[in-house]
Amino acid sequence: MLYLVTYDLVKPKQDYEELYEAIKQCSSQWWHYLDSTWIIVADMEIGTCVDKIRSVMDDDDKLLIVNITEASYNGWLPSKAWEWIKAN
C-alpha cells in the first residue's frame, strides 16, 4: 500500500531523527521531498503505522496518514519525485 504521511511537530527545534526512523520502519521504500510530508510503500496496516510514529511524537504534535494507493495525483514537484511516484 502507498501511504501519504504528513505531520506537524509543535515544539521548535525538534529532533527529527527518531521520527524519521519510525516512518522508515513502516515502509520498504519512501519518498521525502517536501518538509513534513512523506510517501511510503507500507509494510504494515495504517493503524499500526500510526501507532509506531505517534510513539515518538509529543502529545500536542499532529499526524495524518492517508492510503493513496489508487488516488489520482498532480502537483509541482521535481522530475525525480514524479519518477519515484510513478514507479511505486
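Use the structure listed above.
All values reported here derive from a predicted model rather than from experimental measurement.

Colleague: So what exactly am I meant to see when it comes to the sheet that holds strand β3 (residues 37–42) here?
Modeller: The strands making up a sheet associate through backbone hydrogen bonding, with each pair oriented either parallel or antiparallel. Spatially, the four strands line up as an open sheet ordered β2-β3-β1-β4, and their pairing is antiparallel. Edge positions in the open sheet fall to β2 (27–34) and β4 (62–67), since each of these has one partner strand only. On average, adjacent strands in this sheet sit at an angle of 20° to one another, irrespective of strand direction. Summarising the sheet, strand β1 (residues 2–8) and β3 pair through five bridges and their orientation is antiparallel. Each residue of the ladder has a partner; that of L4, found in β3, is I39. Together, β1, β2 and β3 form the strand contacts of helix α1 (residues 17–25), whose direction differs from that of β2 by roughly 135°. Sheet strands in contact with helix α3 (residues 79–87) are β1, β2 and β3, and its direction is about 155° off that of β2.

Colleague: Help me understand the side chain of D61, please; the structure alone is not making it clear to me.
Modeller: Here D61 shows up in the loop between α2 (46–54) and β4. For the buried residue D61, which engages in no salt bridge, the nearest side chain bearing the opposite charge is R54, 5.5 Å off. Engagement of the side chain of D61 in a polar contact is seen with the backbone nitrogen of D58, the distance being 2.8 Å. With residues near it in sequence (within four places) discarded, D61 still touches D8, L9, V10, K11, Q14 and R54.

Here is what the cut-offs are and how they apply
- Residues numbered from 1 in each chain as written.
- Predicted model: local features only at pLDDT ≥ 70, side-chain atom pairs only at ≥ 80, totals over all residues.
- Heavy atoms only, no water.
- Pairing = 2+ DSSP bridges.
- Helix = DSSP H or I, 4+ residues; strand = E, 2+ residues; numbered from the N terminus.
- Axes fitted to C-alpha atoms, helices over the stretch in contact; angles between N-to-C directions.
- Contact = heavy atoms within 4.5 Å.
- Buried < 20%, exposed > 50% of the residue type's maximum accessible area, 1.4 Å probe, protein only.
- Lys, Arg positive; Asp, Glu negative; His and termini not counted.
- Salt bridge = Lys/Arg side-chain N within 4 Å of Asp/Glu carboxyl O.
- Polar contact = N/O pair within 3.5 Å; in protein donor to acceptor, adjacent residues only side chain to side chain.

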